[in-house]
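Reading the structure
So the chains spell out like this:
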Amino acid sequence: MGTLQDSVFSFFVEEAAEHISVLEAGLLEMEIVGSAGSEDMEALFRAAHTLKGSASLVKMTSVGAISHRMEDLFEAVRDGKLIVSPLHIDALLFALDQIRNLIRYKVEGLDEPADVVALALTRLDSAEKAEEQPLEKQNISHQQRQIQPASPAEESYAKATVDQPGFVGSERRALGRRVEETTAGIRVSAEKIESLMGLIGEVTVTKNHLVDQFVQVERMREEIEFVGQRLLREVTQFSDRYDYTLPTQVAQQNNAEIGDFQELEFDRYDDLNLFSRKLREITNDVSEGLRGLSEFFGAFGRDVSSLDRMTDEIKERISEIRTVPAGTLFQRFNRSVRDMARGLDMDVELFVLGGETLIDRVVYDGLFDPLLHIVRNSFAHGIESVAERKRLGKPEKASIWLTAERRGNTVEISVRDDGRGIDLVGVRKRAIEKGFITIEDRLSERELIQMIFRPGFSTTAEVDATSGRGVGMNVVMDRLASLNGTIDVETVKGQGSTFRLRLPLSLVIVNIIRFEVAGQMFVLPSALVNEIQDLEFEQRKKLRGEASEEAPEQIDLRELFNLPQGEEPSGYGILTQSEGIQILLLVDKVLGQEDTVIKPFGSFLRELPYFSGTSLAGDGSMRLVVNPARMKYHKTEGFDAPLASSAAPLESQSAPKVLIVDDSLSVRKYASMLLAAKGLKVLTAADGLEALALLENEDVDSIITDLEMPHMHGYELLAELQRRPDWQVPIAVLSSRAGEQHQLKAIKLGATDYLVKPFEEDSLLAVINKHLAINGKAL
């Protein structure tokens with residue numbers, strides 16, 4: 001695809017995401033209200049029509065065909081020839097999902113499945129034909145009518161394409177449940193916005209250097225002014241004494257000669273008088289020069305202050321281009337909540353507050369998965385069934401609130417439900433089973449809550465599409481840590497839970513606190529700082545009995561970072577959060593704060609537990625950016641190694657284990673029989689979700705996985721395994737996809753081998769033997 005075609009297609013992806021968002025929001029609103037006004041229906045018709053035309057322009061005829069059929073339905077409804085029913089809504093939403101998939105295949109360079117268009121059109125046609133029969137004769141079951149939650153691939157595509165950056169004033173945005181169109185404007189590519197932000201970042205660093213230099217200049221000015229004033233005083237005193245003083249011997253010798261002249265009427269000076277007068281003249285010149293220098297420094301200081309202010313204003317204005325309303329993010333959950341509620345036979349309503357709050361585009365893109373994980377957990381662990389809520393005296397309709405609020409230079413996103421709350425008894429039991437604590441350990445409610453963020457922790461017994469995909473809340477913590485964010489949890493038994501996520505307003509130019517430990521400078525985003533304490537003052541308060549009852553856990557950064565221990569104790573404490581628990585970081589000095597650019601680590605250093613990147617100081621020196629998210633448990637022995645022994649029985653350890661992941665039962669059975677005959681212990685999973693659940697409790701020596709599977713396909717499984725350092729297992733892909741692009745992508749994501757179906761037994765056994773050899777085993 002040429003450069004021009006690439007550019008046109010990129011604009012199509014952005015435009016398609018916009019129209020899909022409009023269509024989905026409008027359909028969900030129609031489902032709730034039961035009908036649509038003429039203006040709303042016209043907007044839906046226009047969105048489908050425009051999407052059809054744009055798809056034809058970039059030769060995506062499949063998308064155009066589905067859009068054209070949707071356009072026909074909207075036209076029929078608009079003209080009063082058709083009444084929209086739940087069947088139509090389901091079919092139209094299903095068609096939108098297929099359009100998303102088709103665009104994703106094109107973006108990722110994958111082959112388009114042959115049956116996607118046929119499935120969408122058949123679903124739309126079936127809905128229209130079914131409406132011609134009485135409802136009681138349609139014989140459509142609840143399972144046939146429900147729409148399953150979006151697949152991981154669809155969510156990945158949605159995150160990458162819905163509400164793409166670069167829309168300035170010309171996009172339609174769903175605010176609450178109304179679709180509104182903003183004033184006309186222009187489109188700016190995301191690359192240009194990112195380029196501008198990069199330049200502003202460089203200007204900010206240069207401005208910081210200028211401000212640092214100006215501080216030194218100010219000190220020089222003060223010293224020059226002090227020395228100049230001292231010189232003026234000395235010269236003035238000298239001049240006052242000797243300017244007009246007549247030498248003594250001259251006065252005595254010529255006293256008779258001056259006769260009738262008064263002393264002041266007869267000027268006679270020696271060299272001392274002349275030097276004093278010249279010195280006063282020179283000093284007056286110096287004084288004038290100092291006055292001019294002082295005025296220059298004053299004007300220069302005002303210019304630096306203006307530059308500082310204008311840089312901040314430019315940063316704010318360009319940052320606003322990168323922001324989107326939180327309501328745009330929240331609107332994407334209408335569909336997820338609807339589908340999960342229908343799939344679990346629950347009655348749940350979603351409420352959105354603070355949708356006008358602006359959030360950074362990078363935060364927006366990185367926040368969808370953590371929020372979706374929390375919402376899924378609300379369904380899986382919190383919200384009761386209709387019957388149980390009725391028995392408890394609760395409203396039959398459960399509620400989930402998504403709230404956004406700006407707090408200073410941070411934004412707080414909260415997810416609240418009115419369910420049963422976190423089962424702390426179950427959390428404790430699971431923590432003991434995982435070896436994180438022992439039966440004798442006594443943990444507070446707060447400490448039990450934080451257990452859910454431990455890597456490998458999950459209370460889910462059976463994996464499904466709702467219960468967080470069988471992966472624990474540690475993925476939420478890890479994602480927030482990468483965004484320089486924190487999370488706090490509140491839960492009340494029988495009343496519900498609240499998850500509060502606090503994130504910076506911008507991830508490009510960040511306000512940071514500068515501090516020193518053992519002579520080295522570090523920085524910490526101010527959004528993560530709750531308080532800065534003078535430790536000596538706090539100690540005096542403690543002696544007077546004025547200290548707070550619950551003191552936070554102290555972490556000495558000299559010890560944690562293996563830095564030299566100084567003779568003087570730490571002077572300051574920075575109060576922040578780790579795993580949702582308040583901790584106090586002990587540092588030597590707090591040097592101030594500034595705006596700066598944080599550069600994240602590359603893949604080689606990504607796993608460093610205490611740091612999230614680097615920051616360039618004004619003088620060009622590099623500073624590490626401290627990340628407190630995992631400090632609390634990384635510093636203890638129990639973080640990476642469970643306290644209790646979790647060794648498997650000897651019998652299961654003796655035979656090498658192989659995990660077969662394939663949605664085909666025949667493939668799983670055949671491979672299991674083949675490998676079991678060779679003395680291997682075989683575990684099987686129907687998709688990536690089941691595989692992850694098995695790996696939570698089982699160690700395997702080899703993994704054989706298919707690519708195309710429901711819920712979580714092979715590429716997503718490879719990516720998840722690559723992300724987890726404790727799951728580094730040799731992996732072979734076994735797929736009917738023989739294309740080079742499929743093989744290259746699999747190898748890139750961590751696969752060690754690639755087999756094509758149908759496979760030879762010897763080839764499969766050779767690959768597994770190769771995997772076992774890595775671990776010092778053999779068939």
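Preceding this paragraph is the structure being described.
Below: a short report on this structure. Keep in mind that what you see is a predicted model, and the values were worked out from it rather than measured.

1. Focus: the overall build of the protein chain
- Looking only at helices and strands, the protein chain has 26 helices and 25 strands in total.
- In the protein chain, buried positions account for 48% of the 779 residues.
- Look at the contacts in the protein chain between residues 6 or more apart in sequence, and 71% of them connect residues 24 or more apart.
- Counting only carbon and sulfur atoms, one obtains 52% of the accessible surface of the protein chain, whose full area is about 39,300 Å².

2. With respect to the pattern of salt bridges
- One pass over the structure, following the stated rule, counts 40 salt bridges.
- The closest approach of N and O atoms between Arg 623 and Glu 594, which form a salt bridge, is 3.0 Å. Residue Arg 623 is located in strand β20 (residues 622-626), and its partner Glu 594 is located in strand β18 (residues 589-600); the two are separated by 29 residues in the primary sequence. Considered together, Arg 623 and Glu 594 belong to a single accessibility category, that of buried residues.

3. Regarding unusual backbone geometry
- Located in the positive-phi region is Asp 345, a residue other than glycine, with phi close to 55°.
- For Asp 345, the position within the fold is in the loop between α12 (326-343) and β6 (348-353).
- Classification of Asp 345 by relative accessible area gives exposed; the value is 61%.
- A positive phi angle, near 55°, is found at Ala 518, a position not held by glycine.
- Tracing the sequence through the fold places Ala 518 in the loop between β12 (509-517) and β13 (520-525).

4. Re the pairing of β20
- Summarising the sheet, β13 and β20 pair through 2 bridges and their orientation is parallel. Within β20, the residue paired with Val 523 across the bridge is Val 625.
- Pairing of strand β19 (residues 611-616) with β20 involves 5 bridges; the strand directions are antiparallel. Within β20, the residue paired with Thr 614 across the bridge is Leu 624.

5. Focus on the environment of Leu 367
- As for its placement among the helices and strands, Leu 367 is situated in helix α13 (residues 361-382).
- Those residues in contact with Leu 367 that lie beyond four places of it in its chain are Leu 329, Ile 413, Leu 480, Leu 483, Leu 501 and Leu 503.

6. Some remarks on the side chain of Glu 594
- You can call Glu 594 buried: its relative accessible area is 10%.
- Within the local environment of Glu 594, its side chain forms a polar contact with the side chain of Arg 514, the two groups lying 3.3 Å apart.
- A distance of 3.0 Å separates a polar atom in the side chain of Glu 594 from a polar atom in the side chain of Arg 623.
- Residue contacts for Glu 594: discarding those within four places in its chain leaves Asn 208, Val 510, Asn 511, Ile 512, Arg 514 and Arg 623.

7. Topic: the packing of helix α3 (residues 61-78) against helix α4 (residues 86-107)
- Packing of α3 against α4 brings their axes to within 10 Å, and their N-to-C directions diverge by 160°. Classified by the angle their axes make, α3 and α4 are roughly antiparallel. Two packed elements cross with a definite hand, and for α3 against α4 that hand is left-handed. Taken together, the residues of α4 that come into contact with α3 (itself represented by Ser 62, Val 63, Ile 66, Ser 67, Met 70, Leu 73 and Phe 74) are Leu 92, Ala 95, Leu 96, Gln 98, Ile 99, Leu 102 and Ile 103.
- For the contact of α3 with α4, a count of residues per class yields 11 nonpolar, 3 polar and no charged.

8. Observations concerning the sheet that holds strand β8 (residues 398-407)
- Strand order in the open sheet formed by 5 strands is β6-β8-β9-β11-β10, and the pairing between neighbours is mixed. Of all strands in the sheet, those bounded by a partner on one side alone are β6 and β10 (486-492). With strand direction ignored, the average angle separating the axes of adjacent strands in the sheet is 15°.
- Strand direction decides the pairing type here: β8 and strand β9 (residues 410-417), joined by 8 bridges, are antiparallel. Along β9, the bridge assignment pairs Glu 405 with Glu 412.
- In the packing of α12 onto the sheet, contacts are made with β6, β8 and β9, and the angle to β6 comes to roughly 175°.
- Relative to β10, helix α17 (residues 474-482) is tilted by about 145°, and along the sheet it contacts β10 and β11 (496-504).

9. A few points about the sheet that holds strand β21 (residues 657-661)
- The 5 strands are arranged β22-β21-β23-β24-β25 in an open sheet whose pairing can be described as parallel. Each edge of the open sheet is held by one strand with a lone partner, namely β22 (681-685) and β25 (753-756). Adjacent strand axes in the sheet meet at a mean angle of 20° when their direction is disregarded.
- Across 3 bridges, strand β23 (residues 702-705) lies against strand β24 (residues 731-735) in parallel orientation. Following the sheet pairing, Ile 703 is matched in β24 by Ile 731.
- Across the sheet, helix α23 (residues 688-697) touches β21, β22 and β23, and the angle it forms with β21 is around 160°.

10. Digging into α12
- Between its first and last C-alpha, α12 extends 27 Å over 18 residues, near the 26 Å set by a 1.5 Å rise per residue.
- Judged by how many residues are buried, α12 sits mostly within the fold: 17 of 18 residues are covered.
- Positive phi shows up at Asp 345, right after α12, with a value of about 55°.

11. Examining the packing of aromatic side chains
- Going through the model one piece at a time under the given rule, you end up with 8 aromatic pairs.
- Ring geometry for Phe 351 and Trp 401: centres 5.8 Å apart, planes at 20°, overall stacked. Here the residue Phe 351 occupies a position in strand β6, and Trp 401 occupies one in strand β8, the gap between them amounting to 50 residues.
- Overall, Phe 351 belongs to the partly exposed group, its relative accessible area being 31%.
- Measuring from ring centre to ring centre gives 6.1 Å for Phe 561 and Tyr 610, while their planes differ by 40°; the resulting arrangement is tilted. A residue pair is termed long-range when its members are at least 10 positions apart, and Phe 561 in the loop between α19 (557-560) and β16 (572-578) and Tyr 610 in the loop between β18 and β19 qualify at 49 residues.
- Classification of Phe 561 by relative accessible area gives buried; the value is 12%.
- A cation over an aromatic ring shows up here: Arg 123 above the ring of Phe 94, its NZ or CZ 4.8 Å from the ring centre.
- Taking NZ or CZ as reference, Lys 745 lies 4.8 Å from the ring centre of Tyr 715, over its face.

12. Some points on α13
- For α13, spanning 22 residues, the distance from its first C-alpha to its last is 30 Å, which sits close to the expected 32 Å at 1.5 Å a residue.
- Burial within α13 is extensive, with 17 of its 22 residues counted as buried.

13. Digging into the packing of α23 against helix α24 (residues 714-723)
- Viewed as axis vectors pointing N to C, α23 and α24 meet at an angle of 25°, and their least axial separation amounts to 9 Å. The orientation of α23 relative to α24 falls into the category roughly parallel. The hand of the α23/α24 crossing is right-handed. Of the residues in α24, those in contact with Gly 688, Ala 691, Leu 692 and Leu 695 of α23 are Leu 717, Glu 720 and Leu 721.

14. A few points about the environment of Asn 101
- Mapped onto the fold, Asn 101 is located in helix α4.
- A residue is classified by how much of its surface remains accessible, and Asn 101, at 8% relative accessible area, is buried.
- Linking Asn 101 and Pro 113, residues 12 residues apart in sequence, is a C-alpha distance of 9.7 Å.

Parameters and conventions
Residues numbered from 1 in each chain as written. Predicted model: local features only at pLDDT ≥ 70, side-chain atom pairs only at ≥ 80, totals over all residues. Heavy atoms only, no water. Helix = DSSP H or I, 4+ residues; strand = E, 2+ residues; numbered from the N terminus. Buried < 20%, exposed > 50% of the residue type's maximum accessible area, 1.4 Å probe, protein only. Contact = heavy atoms within 4.5 Å. Areas by Shrake-Rupley, 256 points an atom, 1.4 Å probe, with all protein chains shown as cover. Salt bridge = Lys/Arg side-chain N within 4 Å of Asp/Glu carboxyl O. Pairing = 2+ DSSP bridges. Polar contact = N/O pair within 3.5 Å; in protein donor to acceptor, adjacent residues only side chain to side chain. Axes fitted to C-alpha atoms, helices over the stretch in contact; angles between N-to-C directions. Parallel < 35°, antiparallel > 145°, perpendicular 65-115°, else oblique. Left-handed = near helix turned anticlockwise from the far one by under 90°. Nonpolar A, V, L, I, M, F, W, Y, C, P; charged D, E, K, R; others polar. Expected span 1.5 Å × (residues − 1). Phe/Tyr/Trp six-rings, centres within 6.5 Å; stacked < 30°, edge-to-face > 60°. Lys NZ or Arg CZ within 6 Å of the ring centre and 35° of its normal.

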